[in-house]
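# Breakdown of the fold
Listed below, chain by chain, are the residues.
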Amino acid sequence: GEEVAQTPKHLVRGEGQKAKLYCAPIKGHSYVFWYQQVLKNEFKFLISFQNENVFDETGMPKERFSAKCLPNSPCSLEIQATKLEDSAVYFCASSPRGDTGELFFGEGSRLTVL
Amino acid sequence: GENVEQHPSTLSVQEGDSAVIKCTYSDSASNYFPWYKQELGKGPQLIIDIRSNVGEKKDQRIAVTLNKTAKHFSLHITETQPEDSAVYFCAATSGDYKLSFGAGTTVTVRA
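Overview of the structure. (Residues numbered from 1 in each chain as written. Chains lettered and ligands numbered in written order. Predicted model: local features only at pLDDT ≥ 70, side-chain atom pairs only at ≥ 80, totals over all residues. Heavy atoms only, no water.)

## Topic: the overall build of chain B
Of the regular secondary structure elements, chain B holds 0 helices and 11 strands. Scanning chain B from its N terminus toward the C terminus, one meets helices and strands in the order β-β-β-β-β-β-β-β-β-β-β. Compactness check: chain B gives a C-alpha radius of gyration of 13 Å against a globular reference of 13 Å for 111 residues, within 12% of the reference. Judged by the C-alpha coordinates and their principal axes, chain B covers about 40 × 30 × 20 Å. (Helix = DSSP H or I, 4+ residues; strand = E, 2+ residues; numbered from the N terminus. Rg over C-alpha atoms; globule rule 2.2 N^0.38 Å.)

So, in structure tokens, the structure goes:
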């Protein structure tokens, strides 16, 4: 597609429940990035992929967060045992070339943990 | 890692006036500086970018300047319009495949 498609737009989970978010990058883009936006503004890098391979996962809280980009499937970001502080908007972005910084963002998935 | 600071955090301008947002970065290896506009409930949208081999770039009412020596770059919006109201983010990357964002500037254009 011509846009980064993220689903769901909104997700509500009770503390301790699992949350899973999906992202379909722009067709032909081989790099996918996940960012977490908290407090309305601050962006935190989570993880990036080059095709189905993890490229950089330095931002991931590894004990509860995991992500995948499998061939012919949307990429996914999964949070096991959600905590209140996981409440945020999660943005997926794709890029034709990872080194240029030209990211195309989706509209985000808002996760609310109660 | 890279640290990007952005000022001001809020900016209110009269329609038709100019708006200027400034950012500083810490990593002298940074070589790509995009600016994103985020409207309420939307994802960030790239509006202009500049690379380290260029000092200034302009696209209609929007311009960006870069001072590599001082490690700062600025966004200039001229002849502001109500539709320019949004949150603007600067970012920087040294080509390590991830962007470091500033904290954002909420711009309000008063009619």
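We are not done yet, so read on.
## What to know about the overall build of chain A
Per the secondary structure count, chain A includes 0 helices and 11 strands. In sequence order, the secondary structure elements of chain A are arranged as β-β-β-β-β-β-β-β-β-β-β. Radius of gyration (C-alpha) of chain A: 13 Å, near the 13 Å computed for a compact globule of 114 residues. In terms of overall dimensions, chain A has a C-alpha envelope of 35 × 25 × 25 Å along the principal axes. For chain A, the proportion of its 114 residues judged to be buried stands at 49%. Taking the contacts inside chain A whose residues are at least 6 apart along the sequence as the reference set, 51% of them involve residues at least 24 apart. In the structure as shown, chain A presents an accessible area of about 5,800 Å², 50% of it carried by carbon and sulfur atoms. A gap of 5 Å separates the mean positions of the 13 positive and 14 negative side-chain charges of chain A. (Buried < 20%, exposed > 50% of the residue type's maximum accessible area, 1.4 Å probe, protein only. Contact = heavy atoms within 4.5 Å. Areas by Shrake-Rupley, 256 points an atom, 1.4 Å probe, with all protein chains shown as cover. Lys, Arg positive; Asp, Glu negative; His and termini not counted. Charge placed at Lys NZ, Arg CZ, Asp CG, Glu CD.)

## Some details on the interface of chain B and chain A
Between chain B and chain A, the contact holds 20 residues from the first and 20 residues from the second. Contact between chain B and chain A buries roughly 1,700 Å² in total, counting both sides, with carbon and sulfur atoms accounting for 57%. Of all residues in chain B, B:Y97, B:K98 and B:F101 give up the largest surface area on contact with chain A, accounting jointly for 35% of the area buried on that side. Of all the secondary-structure elements, those providing two or more residues to the side of chain B that touches chain A are β4 (32-38), β5 (45-51) and β9 (86-92) of chain B. Residue classes in the side of chain B that touches chain A are distributed as 9 nonpolar, 6 polar and 5 charged. (Buried area = accessible area lost by both parts, 1.4 Å probe. Nonpolar A, V, L, I, M, F, W, Y, C, P; charged D, E, K, R; others polar.)

## Notes on the sheet that holds strand β1 (residues 5-7) of chain A
All names here are of chain A. Pairing is antiparallel in the open sheet, where 4 strands are placed in the order β1-β3-β8-β7. Single-partner strands in this sheet number two, and they are β1 and β7 (65-68). On average, each strand axis in the sheet is inclined to that of its neighbour by 15°, with strand direction left out of account. In terms of strand pairing, β7 meets strand β8 (residues 75-79) through 4 bridges, oriented antiparallel. Within the sheet, the bridge partner assigned to F65 lies in β8 and is I79. (Pairing = 2+ DSSP bridges. Axes fitted to C-alpha atoms, helices over the stretch in contact; angles between N-to-C directions.)

## Here we look at the sheet that holds strand β1 (residues 4-7) of chain B
Residues and elements named next belong to chain B. With antiparallel pairing, the 5 strands of this open sheet are ordered in space as β1-β3-β8-β7-β6. With one partner strand each, in any of the chains shown, β1 and β6 (56-59) form the two edges of the open sheet. Here the strands of the sheet are splayed against their neighbours by 15° on average, with no regard to which way each runs. Direction of pairing for β6 relative to strand β7 (residues 62-67): antiparallel, over a ladder of 4 bridges. What sits directly across from E56, in β7, is T65.

## Describing the state of the cysteines
Residue and element names in this part refer to chain A. Scanning all chains against the criterion turns up 3 disulfides over all chains. In this model C23 forms its disulfide with C92; the gap between the sulfur atoms is 1.9 Å. With the S-S dihedral at roughly -60°, the linkage between C23 and C92 falls on the left-handed side. With C23 in strand β3 (residues 19-24) and C92 in strand β9 (residues 88-95), the pair connects residues that are 69 residues apart, well separated along the chain. With respect to burial, C23 and C92 carry one shared label: buried. Disulfide pairing is shown between C69 and C75; the S-S distance is 2.0 Å. Between C69 and C75 the disulfide shows an S-S torsion of about 110°. By sign, it is right-handed. Classification of C69 by relative accessible area gives buried; the value is 4%. (Disulfide = S-S within 2.5 Å.)

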